[in-house]
Amino acid sequence: MMQTVLVVTSVILSLAAAGAIIRIARGPSLLDRVLASDVLLAILGAALCIDMAVNRHLNNLMLLVALSIIGFIGSVTVARFVADRREQPHDS
Amino acid sequence: MIPDAGTMDAVTDAVSAVFMVVGALMSLAAAVGLLRFPDLMSRMHAATKPQVLGLFLLLAAVGLQQRTWWVWPVLLVAWIFQLLTVPVSAHMVGRAGYRTKHLHRELLSSDELEAVVQKAAAKAAREDASDGGPVDSP
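This is a predicted model, so every value here is computed, not measured. (Residues numbered from 1 in each chain as written. Chains lettered and ligands numbered in written order. Predicted model: local features only at pLDDT ≥ 70, side-chain atom pairs only at ≥ 80, totals over all residues. Heavy atoms only, no water.)

Enquirer: Would you explain the overall build of chain B in this entry?
Expert: A count of helices and strands for chain B gives four helices and zero strands. Along chain B, from the amino end to the carboxyl end, the secondary structure elements read α-α-α-α. Projecting the C-alpha coordinates of chain B onto the three principal axes gives extents of approximately 80 × 35 × 20 Å. The buried share among the 138 residues of chain B stands at 35%. Excluding contacts between residues fewer than 6 apart, the proportion of contacts in chain B whose partners are at least 24 apart in sequence is 57%. Entry remark: accessible area of chain B is about 8,100 Å², with carbon and sulfur atoms responsible for 69%. If you average the places of the 11 positive and of the 12 negative side-chain charges in chain B, the two averages end up 4 Å apart. (Helix = DSSP H or I, 4+ residues; strand = E, 2+ residues; numbered from the N terminus. Buried < 20%, exposed > 50% of the residue type's maximum accessible area, 1.4 Å probe, protein only. Contact = heavy atoms within 4.5 Å. Areas by Shrake-Rupley, 256 points an atom, 1.4 Å probe, with all protein chains shown as cover. Lys, Arg positive; Asp, Glu negative; His and termini not counted. Charge placed at Lys NZ, Arg CZ, Asp CG, Glu CD.)

In structure tokens, the structure reads:
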């Protein structure tokens, strides 16, 4: 049964990752791309979780936490950068 | 009457299989939302599904498959960390999207940031007029 679940979830996650990558490529603004890459990181974390659950180990747990830290810092930094850069010509 | 270990294992396997499939479907829902929703704010609504609920379901599946109790606090800490960081980054992205006008204003049902922005702009203009120097508005 675990093999069936593995196949089903990998197909679903591949479709989801393809959708997020299309949004990264097409997204009209930088913030859309940041949001889509955040979703891509979440999909990667989901794949790590499924690997841990199917193969019954806990090796990826620290990687999962590190991944969420990277996503957090990345999106906060880019949001800050976009806000600053767009506002300066507007203010002066 | 205590069920024997075989049926317990089968039930745990079935529950974690359902959790894994539903958690993966959350990611698919986020991707569909990213592709089909019109602007940044509604895409942000779709993007939070795999980050919070999907991660919860998948971590629960991991905990069910390990068959030990000590992993649950670790998984809970990982989930709570995600629960603390996701709103902060969503807040920053939403504010930046609002400031850079990446939204369809006609789709908003209420705009609570508008009054704040107007007030800050009025205050900055007043201080600018009073002392003439550049004012660093927050």
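Structure shown, so let's carry the discussion forward.
Enquirer: How should the overall build of chain A be read in this particular structure?
Expert: Counting its regular elements, chain A contains three helices and zero strands. Along chain A, from the amino end to the carboxyl end, the secondary structure elements read α-α-α. Taken over 92 residues, chain A has a buried fraction of 43%. For chain A, the exposed area adds up to about 4,900 Å²; of that, 67% sits on carbon and sulfur atoms.

Enquirer: What exactly am I supposed to notice about the interface of chain B and chain A here?
Expert: In many analyses, interface size is given as the accessible surface area lost on bringing the parts together. Between chain B and chain A, the residue contacts involve 45 residues of the former and 47 residues of the latter. Counting each side, the surface lost to burial between chain B and chain A is near 3,900 Å², with a carbon and sulfur contribution of 78%. On the chain B side of the contact with chain A, Met 20, Leu 34 and Leu 35 of chain B bury the most area, a combined 14% of that side's loss. The tally of links between chain B and chain A comes to two salt bridges. Ionic pairing is found between Asp 13 of chain B and Arg 56 of chain A, a salt bridge with its closest N-O pair at 3.8 Å. There are five residue pairs in polar contact (both at pLDDT 80 or more) connecting chain B and chain A. Sorting the residues of the side of chain B that touches chain A by element identifies α1 (5–36), α2 (40–66) and α3 (71–99) of chain B as the ones contributing at least two each. Residue classes in the side of chain B that touches chain A are distributed as 30 nonpolar, 11 polar and four charged. (Buried area = accessible area lost by both parts, 1.4 Å probe. Salt bridge = Lys/Arg side-chain N within 4 Å of Asp/Glu carboxyl O. Polar contact = N/O pair within 3.5 Å; in protein donor to acceptor, adjacent residues only side chain to side chain. Nonpolar A, V, L, I, M, F, W, Y, C, P; charged D, E, K, R; others polar.)

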